[in-house]
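The primary structure of each chain is shown beneath.
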Amino acid sequence: MKGSSKYLLAAGAITLIMTLLCAAVCITAAAGIKNAEYQAELSLIASLREKYPELDDGDIIDVLSADADTKSAAAMLRSYGFTNDRWTIVSNEGGFLLGISGCTAVCLLTGGALILVLLLYMRREKKRTLILTEYLSKLNHGQYDLDIGSNSEEEFSLLKNEIYRTTVTLREKSERYGKDKLALKDGISDISHQLKTPLTSIQIMTDGLIENENMPAKERREFLFDIRRSTSHIIFLVQSLLTLSRLDADAITMKSDDVPLKEIMDVCREKTEILAEVRNVNIIFGNCRDISITGDKKWMAEAVSNIVKNCIEHTPDGGRVRVSAKQNKLFTCIRIEDNGCGIPKEELPHIFDRFFRGSTSDENSVGIGLSLSRAIIEKHNGFIRAESEPGKGTSFEIRLMNSIAAKSSSQN
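Now for a look at the structure at hand.

Rules used throughout
- Residues numbered from 1 in each chain as written.
- Predicted model: local features only at pLDDT ≥ 70, side-chain atom pairs only at ≥ 80, totals over all residues.
- Heavy atoms only, no water.
- Phe/Tyr/Trp six-rings, centres within 6.5 Å; stacked < 30°, edge-to-face > 60°.
- Helix = DSSP H or I, 4+ residues; strand = E, 2+ residues; numbered from the N terminus.
- Buried < 20%, exposed > 50% of the residue type's maximum accessible area, 1.4 Å probe, protein only.
- Salt bridge = Lys/Arg side-chain N within 4 Å of Asp/Glu carboxyl O.
- Pairing = 2+ DSSP bridges.
- Axes fitted to C-alpha atoms, helices over the stretch in contact; angles between N-to-C directions.
- Parallel < 35°, antiparallel > 145°, perpendicular 65-115°, else oblique.
- Left-handed = near helix turned anticlockwise from the far one by under 90°.
- Contact = heavy atoms within 4.5 Å.
- Lys, Arg positive; Asp, Glu negative; His and termini not counted.
- Expected span 1.5 Å × (residues − 1).
- Polar contact = N/O pair within 3.5 Å; in protein donor to acceptor, adjacent residues only side chain to side chain.

This paragraph deals with the packing of aromatic side chains. Per the counting criterion, the structure on display carries 1 aromatic pair. Taken together, a centroid distance of 6.2 Å and an interplanar angle of 80 degrees make the contact between Phe352 and Phe396 edge-to-face. Of this pair, Phe352 sits in the loop between β5 (331–338) and α9 (369–379) while Phe396 sits in strand β7 (residues 393–401), placing them 44 residues apart in sequence. This pair shows no difference in class: Phe352 is buried, exactly as Phe396 is.

This next bit is on the pattern of salt bridges. For the structure shown, the criterion picks out 10 salt bridges. The salt bridge partner of Glu389 is Lys392, with a shortest N-O separation of 3.4 Å. The network of salt bridges with common partners includes Arg335, Glu337, Arg385, Glu397 and Arg399.

Our focus in this paragraph is the pairing of β7. Of all 9 residues in β7, 7 are buried, a share of seventy percent or more. Note that β5 and β7 share 7 bridges and pair antiparallel. Each bridged residue has a counterpart across the sheet, and for Ile334 the counterpart in β7 is Ile398. Taken together, the 8 bridges between strand β6 (residues 382–389) and β7 define a ladder with antiparallel strand orientation. Residue Ser388 lies in a different strand from β7, and its bridge partner there is Thr394. Hairpin geometry of β6 and β7 is characterised by an intervening segment of 3 residues between the two adjacent antiparallel strands and by a positive phi of about 85 degrees at Gly391.

Moving on to the packing of helix α6 (residues 217–248) against α9. Each pair of packed helices gets described by two things: the angle between the helix axes and the distance between those axes. At a minimum axis distance of 10 Å, the contact between α6 and α9 shows a crossing angle of 30 degrees. Overall, the two elements α6 and α9 adopt an arrangement that is roughly parallel. α9 is crossed by α6, and the crossing has left-handed handedness. Side by side, α6 and α9 meet where Thr243, Leu244 and Leu247 of the first sit next to Ser371, Leu372, Ala375, Ile376 and Lys379 of the second.

Taken together, the 5 strands give an open sheet; going across it, the order is β2-β4-β5-β7-β6, and neighbouring strands pair in mixed fashion. Edge strands, defined here as strands with exactly one partner in the open sheet, are β2 (282–285) and β6. Between one strand axis and the next, the sheet turns by 15 degrees as a mean value, whatever way the strands run. Relative to strand β4 (residues 320–327), β2 is paired through 4 bridges, and the arrangement is parallel.

On to the side chain of Asp338. Residue placement: Asp338 occurs in strand β5. Buried charge Asp338 goes without a salt bridge, the closest partner of opposite sign being Arg320 at 6.8 Å. With near-sequence residues (within four places) excluded, Asp338 lies in contact with Cys311, Thr315, Arg320, Val321, Lys392, Gly393 and Thr394.

Okay, helix α8 (residues 297–313) next. The first and last C-alpha atoms of α8 sit 24 Å apart over 17 residues, in line with the 24 Å expected at 1.5 Å per residue. In terms of residue burial, α8 counts as a mostly covered element, since 12 of its 17 residues are buried. Buried within α8 are the following residues: Trp299, Met300, Ala301, Ala303, Val304, Ser305, Asn306, Ile307, Val308, Asn310, Cys311 and Ile312. Put simply, Asp296 is the residue that caps the front of α8, since its side-chain oxygen is 3.1 Å from the backbone nitrogen of Lys298.

Nothing here speaks to function; it is geometry throughout.
Shown next, in the form of structure tokens:
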């Protein structure tokens, strides 16, 4: 921890210096005591030689080093008032007291220095805590334009930066949640409106069938056809909403098979040929025999079919819809274009929004198909974009990353 390490180093340095100083005082005091004892021995030898000149050096050394009984000698000294708590024999009481005083002083200085370091550290941490508290208070009051570029790599600055990032992330999530909540409200309103019309129609026609027992067979049959059409519309709406909900919740697992694009186009042709025939629109599928993609055949066919259906619905009688594909080393491009009425410029950015119905949409349109297609394509690590010119037509371009490029992008 960069910020606290200097205080730890200061405390360690003080402890080391004071320990060395204490050792020096003790060594000095011990040397003084040793020297005083040596001087006492010299005085004793000088006194022995002066009083007993007949003793040679060997006799004196024997006397000094003899391991004799000291009890009688101690009793003799006590009789003259000399005890072991006096410094008469070895006169260095001052040096000994100096050593004790020095060690005590060193210990007190050490403790005082460490306490000072601790107080400085606590003061610093308190100041930093107040700064952090003020910083959080500003963030809580919506002041996100705070300068974090001047922060250092020290751990307190890193914590400050992380708090800022976390707060901004939470703010963005809160704003996104508010938008999602509003979108959900609008979506529920749209769903209610979409369900209300066919349900009301079913109820009216059912009441008519029940109350008019003598209704002509032809009219009764028309009523039944209308009820079936409204029921099919409700089933389609509910299934689409359930599919979108499952995609949003990641409850659908997309396969990662190597699928020939021609098989997807064949499924798309089967799903759209009746609608194209009814509206007298010619669908042209380009050659894609040599192209394969990595993904889920069923869901990709659903995505492409929804876009083709949208193009058919916005193409006039006798028009055409062209579906083509090409592939390079990075991605596979599927292009779907029509020569229909086109999309107004101001509506183009919203055509993939859920429940969006443009000014050129059919009155029975729900506004789910393109949104569902985009969700499926994004699950396949791809994206879709649209270009349109009113009166000339619309083109959709799907780009699916190839398997090698997809793995590389996911790793990055």
